[in-house]
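Chains, contacts and geometry: an overview
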Amino acid sequence: MAFAFPTRAPNIAAPEKRCWPRRSSFAATSSAWPSSAGTLPPGGEVKKNYASRAKTGPASFADLFGDKDTLVVYNYMSGPQRERPCPMCTSPLSAWDGEVLMFQQRVALAVVARSPIQRLRSLQVSERGWHYLPLFSDISGEFSRDYHALTKDGGDDAAFNVFTRRQGKSGIFGAAK
């Protein structure tokens, strides 16, 4: 399934389509997909510097990359209108919490929701016992809107986006819902 993103390069559709069969058989052949993915033109450049908040304070989109060239963003359904976060969205996070430190050896990870960071942290520590997940609050909801984590009526939706940074520019590499 192809998603429309802000500034998505029109020349990416054909090479991306050729790469998808390799992605789906990635488990069978671990070398074919990464080499072909490197030949894809960069995805649409991320031109906005989306604002978020972490437990340590404000964080820009560029900050989320840290020292990595790949950023994996998981938006989960825990917006300000929700009394409780979505149990289906938080379930994988409990498993990921134990793997985050290994995961972050290769890529940056950001777990994003629209609730205030204090609320996200309260859930993280007191209820779920998460210790390592890098949680971020999407302050304005703009990132969530642009990258398909909001429904048409403004409700939350889960989204999984991968961004790359090449030569100082960030772009969308892939997405799933």
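Residues numbered from 1 in each chain as written. Predicted model: local features only at pLDDT ≥ 70, side-chain atom pairs only at ≥ 80, totals over all residues. Heavy atoms only, no water.

It is worth spelling out the environment of aspartate 69 at this point. Mapped onto the elements of the fold, aspartate 69 is located in the loop between helix H3 (61-65) and strand S3 (70-75). For aspartate 69, a relative accessible area of 48% puts it in the partly exposed group. Residues within four places of aspartate 69 in sequence aside, it is in contact with Phe163, Thr164 and Arg165. (Helix = DSSP H or I, 4+ residues; strand = E, 2+ residues; numbered from the N terminus. Buried < 20%, exposed > 50% of the residue type's maximum accessible area, 1.4 Å probe, protein only. Contact = heavy atoms within 4.5 Å.)

Let's shift gears to the side chain of serine 144. Residue position: serine 144 is located in helix H7 (residues 142-146). Those residues within four positions of serine 144 in sequence are excluded, and the remaining contacts are Asn75, Arg114, Asp138, Ala149 and Leu150.

Position of threonine 90 relative to the elements: it lies in helix H4 (residues 87-97). Ignoring any residue separated from it by four or fewer positions in sequence, one finds threonine 90 in contact with Tyr76, Pro85, Arg128 and Trp130.

Three or more residues of H4 are buried, namely Cys89, Thr90, Leu93 and Asp97. Taken around the axis of H4, the buried residues stretch over an arc of 80°, which confines them to a single face. Facing away from the buried side of H4 by more than 90 degrees, the exposed set consists of Pro87, Met88 and Ala95. Where the residues of H4 are buried, they touch S3, helix H5 (100-103) and strand S4 (108-113). (Arc of directions from axis to C-beta.)

Now for helix H6 (residues 117-127). Residues of H6 that are buried: Ile117, Leu120, Leu123 and Gln124. Projected down its long axis, H6 carries its buried residues within an arc of 130°, all on one side. Pointing more than 90 degrees away from the buried face of H6 are the exposed residues Gln118 and Ser126. Among the structural elements, strand S1 (51-54), S4 and strand S5 (135-138) are those in contact with the buried residues of H6.

What follows deals with the pattern of salt bridges. Taken as a whole, this structure holds five salt bridges when the rule is applied. The shortest N-O distance in the salt bridge between glutamate 142 and lysine 48 comes to 3.1 Å. Here glutamate 142, found in helix H7, pairs with lysine 48, found in the loop between helix H2 (32-37) and S1; they are 94 residues apart in sequence, far enough to count as distant. The partner of aspartate 156 in a salt bridge is arginine 114, with the nearest N and O atoms 2.9 Å apart. (Salt bridge = Lys/Arg side-chain N within 4 Å of Asp/Glu carboxyl O.)

With that settled, the discussion passes to the pairing of strand S6 (residues 159-166). Inspection of the sheet shows S3 paired to S6 by six bridges, in the antiparallel sense. Residue pairing across strands places threonine 70 opposite threonine 164, the latter belonging to S6. As consecutive antiparallel partners, S6 and strand S7 (residues 169-176) are separated by two residues, and within that stretch glutamine 167 has a phi angle of approximately 50°, a positive value. (Pairing = 2+ DSSP bridges.)

This part takes up the sheet that holds S3. Across the sheet, seven strands lie side by side as S2-S1-S5-S4-S3-S6-S7; this open sheet has mixed pairing. Two strands in the sheet have a free side with no partner beyond their single neighbour: strand S2 (57-60) and S7. Each neighbouring strand pair of the sheet contributes to a mean axis angle of 35°, computed without reference to strand direction. Bridge analysis of S3 against S4 gives five bridges, and the strand direction is parallel. Across the sheet, residue asparagine 75 finds its bridge partner in S4, namely valine 112. Where H6 meets the sheet, its contacts fall on S1, S4 and S5, and the angle it forms with S5 comes to roughly 150°. (Axes fitted to C-alpha atoms, helices over the stretch in contact; angles between N-to-C directions.)

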